[in-house]
Amino acid sequence: MVKAYLRYEPAAAFGVIASVGSNIAYDSSGKHLLTPALEKVGVWHVRQGVCTKTLDPSASSRGPSLGVTSIATSPSALVAVGYADGSIRIWDLEKGTCETTLNGHKGAVTALRYNKLGSLLASGSKDNDVILWDVVGETGLFRLRGHRDQVTDVVFLDSGKKLVSSSKDKFLRVWDLDTQHCMQIVGGHHSEIWSIDIDPEERYLVTGSADPELRFYSVKHESGDGHSVENVDGNEVANNGDLSSQEKWNVLKQFGELQRQSKDRVGTLRFNKSGNLLACQVAGKTVEIFRVLDEAESKHKAKRRVHRKEKKSAKEEHKVIENGETSHIAGEGASLLVTVPDVFKLIQTVRASKKISSISFSPIIPKSSLATIALSLNNNLLEFYSIEGNATNKTLAIELQGHRSDVRSVTLSSDNSLLMSTSHNAVKIWNPSTGSCLRTIDSEFGLCGFILPQNKYGLVGTKGGKLEIIDIGSGTCIEAVEAHGGSVRSVAAVPHENGFVTGSADKDVKFWEYRVEQKSALDPKHLKVSNVRTMKMNDEVLAVAVSPDAKYIAVALLDNTVKVFYVDSLKFFLSLYGHKLPVLCMDISSDGELIVTGSADKDLKIWGLDFGDCHKSLFAHKESITAVKFVRSTHYVFSVGKDNLVKYWDVDKFECLLTLEGHHADVWCIAVSNRGDFIVTGSHDRSIRRWDRTEEPFFIEEEKEKRLEEELETDLENAFENRYAPKEEVPEEGAVALAGKKSKETLSATDSILDALDIAEVELKRMTDYEEEKARGRVAEFQPNVILLGLSPSEYVLRALSNVQTSDLEQTLLALPFSDALKLLAYLKEWTLNPDKVELVCRIATVLLQTHYNQLVTTPAARPVLTVLKELLYARIKECKDTLGFNLAAMDHLKQMMATRSDALFRDAKAKLQEIRSENSKRLEARIETREEKRRKKKNKH
């Protein structure tokens with residue numbers, strides 16, 4: 001009989017506050033902050049400092065280890081999240097559900113931006129393309145091609161009519177979205193452009209690169225009469241067509257440059273919601289905050305600058321006259337030129353504790369300060385700063401829910417109720433079932449550890465050679481014992497005894513005993529450890545393991561061997577040699593028959609512990625194996641490695657049963673529960689993952705077939721994307737292409753449509769035959785085809801088309817042959833009678849006409865169908881348009897009626913916003929005045 005095994009599946013992932021792969025973003029209300037957490041997005045309540053929900057794609061819809069790469073929030077409750085495979089998911093933040101998935105990019109999504117209304121979404125990617133998406137219709141509108149390298153940022157201009165994109169190719173491109181072409185290419189940057197942003201009033205566009213300065217551009221808008229209007233610091237300058245033909249269409253005009261304080265490259269540039277602050281985050285530990293001065297202040301500053309120049313020139317006037325030269329500096333005051341330093345003034349520099357990954361301004365303007373800014377750091381930490389006129393204060397840090405660096409060891413308590421994890425500066429105690437952090441204890445770099453029975457104490461072996469005794473109840477380190485002269489690499493409990501063994505880089509293996517002592521009746525009880533025996537080895541010890549009967553101790557050494565000794569006499573028993581590189585981990589089975597070793601040579605070796613013979617050597621991982629663990633009372637083994645994978649083995653049959661994908665970096669450690677019902681793994685990506693055993697059985701042969709199918713599918717995907725084909729050259733002025741991409745989903749959707757058309761055709765033929773038979777008088781009861789699910793042939797085909805995702809419809813129809821496209825066109829007339837399907841019918845008709853235009857024109861059979869559709873579609877669209885127009889007008893009328901009855905609903909919000917803005921500007925002015933007064937007093941004293 002074929003043996004069945006039970007499947008392990010991912011159950012929980014915890015310990016990640018903010019990963020480094022993506023930006024952070026506030027939601028539209030400002031109450032929640034969205035942070036990337038590897039493949040998920042965490043929604044943090046800012047005031048409470050807790051994660052209220054996670055946006056996690058289902059395992060079936062996402063690929064393995066698919067990281068979040070970009071986040072954008074819309075004015076409504078919708079959030080767009082870009083992933084490493086190029087997909088974009090639109091989430092409803094209130095419900096926590098995925099509304100739609102948009103597939104179009106072939107590389108990771110690197111930039112996302114909504115327009116002001118939230119109806120359009122622009123995305124940039126590592127595939128060098130920019131795609132514009134219709135969020136309401138859930139479809140891709142078009143693809144803009146022209147950049148020669150990864151797109152780094154996108155921003156909408158001119159009420160969403162234009163789009164500016166930046167790229168690593170050092171160029172900005174301005175796209176006209178109405179005509180779908182590149183209007184302007186802006187050069188001048190000496191290095192890759194990393195971020196761009198525009199202020200809410202669309203006066204200035206700022207770009208940041210690795211250059212030592214920020215570049216500013218003034219934005220030219222089109223007025224109602226067709227003339228272009230340039231807004232330079234509040235002054236509208238009209239251009240009446242006197243410019244050259246090239247300059248006439250330029251939207252961005254260089255305004256100037258501003259020197260940065262930091263030498264690091266720019267990471268993110270963002271204006272706050274009111275537009276009076278600009279934050280420049282660099283690829284280091286600082287964020288420079290600039291204040292954007294209004295028109296009056298900037299002009300005043302410019303006047304003072306000119307005045308200082310005039311004063312300086314007056315002093316030098318005598319010398320100038322003596323040399324026989326004339327001075328023209330006095331004429332500068334007549335034409336006042338506002339420069340970038342007159343508008344943008346550095347007021348604060350925020351310094352974080354570690355390197356900053358991303359920043360986000362809160363949309364809520366606090367009463368006591370200018371703004372609140374959130375920072376995500378590269379050590380899994382969130383910090384919030386309040387920006388004031390003369391200082392920045394850290395208001396909150398979210399740090400307890402995760403480690404600052406790699407999770408180097410995980411260990412479960414004897415009853416599986418507690419989990420202890422170690423890192424470079426802390427030990428954390430978790431509840432493995434809920435993923436909540438119960439205790440955080442400051443510690444040295446912990447490399448290994450275990451929880452003693454009764455769950456009161458934990459032991460941690462550190463890189464400095466100490467043994468730290470942790471009191472779990474109080475969350476404190478009771479004592480740090482100087483145990484070894486080198487790092488403690490491994491700790492193993494001695495079964496049935498109050499003892500444990502440690503192995504270290506100082507070539508010693510030490511046996512310890514522990515006991516709970518109480519000095520006096522008043523003093524609390526404390527755990528004491530004492531060294532009982534020491535065994536000297538020839539080389540550094542990397543791992544130790546004790547057999548379940550406490551008869552043997554296995555020691556892995558740096559010389560690639562494993563030495564087995566008797567525990568009682570410490571006499572040599574066996575030497576296991578065969579690995580080409582040092583053994584990093586090992587474990588002994590519950591029955592004491594087998595020992596499994598994992599090495600840096602990527603091999604897993606299974607040995608018999610009776611004679612030391614190697615049963616099998618398996619090439620287990622693509623990188624070093626870091627940990628192996630037996631499931632108790634079985635010969636099943638889990639192994640983890642630096643290839644991000646967890647593997648499940650049957651070492652009696654020497655077969656790989658399962659490969660568990662989920663981690664995004666090296667997996668360092670693993671712990672298996674006593675019953676084997678779950679396992680826990682810790683990784684370099686700072687996440688701790690729990691994998692649960694399910695009741696679903698599987699067979700080895702089925703899993704092998706599944707793996708082969710997956711390999712075949714990846715090859716197919718490579719074929720879709722034409723990775724090996726020469727890339728077509730995009731002209732310098734850019735090009736437009738279809739937004740979607742060919743994928744497995746679109747091909748299977750095409751197949752389902754073709755099947756539906758064939759079934760419907762057969763059914764229609766049966767129906768006509770039946771009618772003929774009926775006319776002849778041979779009446780037999782007509783039996784409809786059960787496959788049609790009680791639908792008519794036309795409805796069945798419509799059902800197949802309705803099931804296609806809106807974003808994939810274009811690519812699905814492109815794959816249809818011309819003969820089937822003709823059949824589909826014939827059904828459209830009947831479908832137009834359904835008012836809910838008019839939009840779908842119009843889209844199908846448009847795509848088919850654009851794709852097969854030449855063939856349709858030359859096919860006489862298609863003309864009657866097209867003639868009927870021409871009359872029908874226009875009439876149906878006009879009906880829908882009229883209905884929508886009527887409804888909009890009615891709602892507008894209701895809004896006006898409500899506004900006349902009560903001022904509260906529609907007027908107060910706008911008025912309040914203006915009040916807040918005016919209050920903030922007054923407050924700023926008052927602060928500036930008090931500062932200047934203090935300076936004057938200081939000068940007077942001196």
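Anyway, here's the lowdown on the structure attached to this text. (Residues numbered from 1 in each chain as written. Predicted model: local features only at pLDDT ≥ 70, side-chain atom pairs only at ≥ 80, totals over all residues. Heavy atoms only, no water.)

### Points about the overall build of the protein
Each helix and strand counted, the protein has 13 helices and 59 strands in total. The proportion of buried residues among the 942 residues of the protein is 49%. Considering only intrachain contacts with a sequence separation of at least 6, the fraction spanning at least 24 residues in the protein is 51%. Here the protein displays about 46,300 Å² of accessible surface, and carbon together with sulfur accounts for 51% of that area. (Helix = DSSP H or I, 4+ residues; strand = E, 2+ residues; numbered from the N terminus. Buried < 20%, exposed > 50% of the residue type's maximum accessible area, 1.4 Å probe, protein only. Contact = heavy atoms within 4.5 Å. Areas by Shrake-Rupley, 256 points an atom, 1.4 Å probe, with all protein chains shown as cover.)

### Some points on the pairing of strand E4 (residues 40–45)
The element E4 is largely enclosed, with a buried count of 6 among its 6 residues. What you see with E4 is no split at all: Lys40, Gly42 and Trp44 on one side and Val41, Val43 and His45 on the other are buried throughout. Of the strand pairs in this sheet, strand E3 (residues 32–37) and E4 are connected by 6 bridges, and their pairing is antiparallel. In the strand pairing of E4, Leu34 is matched with Val43. Connecting E3 to the antiparallel partner E4 that follows it, the hairpin turn spans 2 residues, and Leu38 within it adopts a positive phi of roughly 60°. By the bridge criterion, 5 bridges tie E4 to strand E5 (residues 50–55) in an arrangement that is antiparallel. Bridging from a neighbouring strand, His45 pairs with Val50 of E5. Hairpin connection between E4 and E5: a loop of 4 residues separates the two successive antiparallel strands, and Gly49 in this loop has a positive phi of roughly 70°. (Pairing = 2+ DSSP bridges.)

### Concerning a negative patch on the surface
A cluster of acidic residues, Glu661, Glu701, Glu702, Glu705, Glu709, Glu710, Glu711 and Asp715, forms a negative patch on the protein surface. Looking at the negative patch element by element, the count peaks at 7 residues for helix H5 (residues 700–721). With respect to the helices, strands and loops of the structure, Glu661 is situated in strand E55 (residues 655–661). Taking the relative accessible area as the measure of exposure, Glu661 reaches 39% and is therefore partly exposed. (Patch = residues over 30% accessible without salt bridge, like charges linked within 9 Å, V, L, I, M, F, W, Y side chains within 5 Å. Salt bridge = Lys/Arg side-chain N within 4 Å of Asp/Glu carboxyl O. Lys, Arg positive; Asp, Glu negative; His and termini not counted. Charge placed at Lys NZ, Arg CZ, Asp CG, Glu CD.)

### As for the environment of Asp559
Relative to the helices and strands, Asp559 resides in the loop between strand E45 (552–557) and strand E46 (562–566). Overall, Asp559 belongs to the partly exposed group, its relative accessible area being 33%. As for Asp559 and Tyr577, which are separated by 18 residues in sequence, their C-alpha atoms are 9.4 Å apart. Within the local environment of Asp559, its side chain forms a polar contact with the side chain of Thr561, the two groups lying 2.6 Å apart. (Polar contact = N/O pair within 3.5 Å; in protein donor to acceptor, adjacent residues only side chain to side chain.)

### Re the sheet that holds strand E34 (residues 426–431)
Reading across the sheet, the 4 strands line up as E32-E33-E34-E35 and stay open at both edges, with antiparallel pairing between neighbours. Two strands bound the open sheet, and with one partner strand each, they are strand E32 (409–412) and strand E35 (436–442). With strand direction ignored, the average angle separating the axes of adjacent strands in the sheet is 20°. Inspection of the sheet shows strand E33 (residues 419–422) paired to E34 by 4 bridges, in the antiparallel sense. Note that in E34 the partner of Thr422 across the bridge is Val427. (Axes fitted to C-alpha atoms, helices over the stretch in contact; angles between N-to-C directions.)

### What about the nonpolar core?
In terms of nonpolar packing, the biggest core is built from 35 residues, with Val797, Leu801, Leu813, Leu824, Leu828, Trp831 and Ile844 touching the most fellow members. When contributions to this core are tallied by element, the ones reaching two or more residues are helix H6 (744–776), helix H7 (793–802), helix H8 (809–814), helix H9 (818–831), helix H10 (838–851) and helix H12 (862–901). At 8 residues, H10 tops the list of elements feeding residues into this core. Contact partners of Leu824, with chain neighbours within four places excluded, come to Leu757, Val797, Leu801, Leu813, Leu816, Trp831, Ile844 and Leu848. (Core = buried A, V, L, I, M, F, W, Y, C linked by side-chain atoms within 4.5 Å.)

### Section: H7
In terms of burial, H7 is a largely internal element, 7 of the 10 residues being buried. Taken together, the buried positions of H7 are occupied by Pro793, Ser794, Tyr796, Val797, Leu798, Ala800 and Leu801. On its buried face, H7 is in contact with H6, H8, H9 and H10.

### With respect to the pattern of salt bridges
Evaluated as defined, the whole model comprises 36 salt bridges. Measuring nitrogen to oxygen at the nearest pair gives 3.1 Å for the salt bridge that ties Asp677 to Arg675. Taking relative accessible area as the criterion, Asp677 reaches 22% and is therefore assigned partly exposed. Three or more residues joined by partner-sharing salt bridges are found here, namely Arg7, Glu696, Glu703 and Lys706.

### Concerning H9
An ideal rise of 1.5 Å per residue puts 20 Å on 14 residues; H9 measures up with 20 Å between its terminal C-alpha atoms. Within H9, the full set of buried residues consists of Phe818, Asp820, Ala821, Leu824, Leu825, Tyr827, Leu828 and Trp831. The inward-facing, buried residues of H9 contact H6, H7, H8, H10, helix H11 (853–857) and H12. (Expected span 1.5 Å × (residues − 1).)

### Looking at the packing of H6 against H7
Two measures define how a pair of helices packs: the angle their axes make with one another and the distance between the axes. Their axes nearest at 9 Å, the elements H6 and H7 cross at an angle of 175°. With respect to their mutual orientation, H6 and H7 come out roughly antiparallel. Two secondary-structure elements touch here, H6 through Ser752, Ile753, Ala756, Leu757, Ile759, Ala760, Glu763, Leu764 and Met767 and H7 through Pro793, Tyr796, Val797, Ala800 and Leu801. The class makeup of the residues in the contact of H6 with H7 is 12 nonpolar, 1 polar and 1 charged. (Parallel < 35°, antiparallel > 145°, perpendicular 65-115°, else oblique. Nonpolar A, V, L, I, M, F, W, Y, C, P; charged D, E, K, R; others polar.)

### Brief notes about the side chain of Ser362
Considering the arrangement of structural elements, one finds Ser362 in the loop between strand E28 (356–361) and strand E29 (371–377). A distance of 3.2 Å separates a polar atom in the side chain of Ser362 from the backbone nitrogen of Ile364. Those residues within four positions of Ser362 in sequence are excluded, and the remaining contacts are Tyr26, Gly30 and Thr372.

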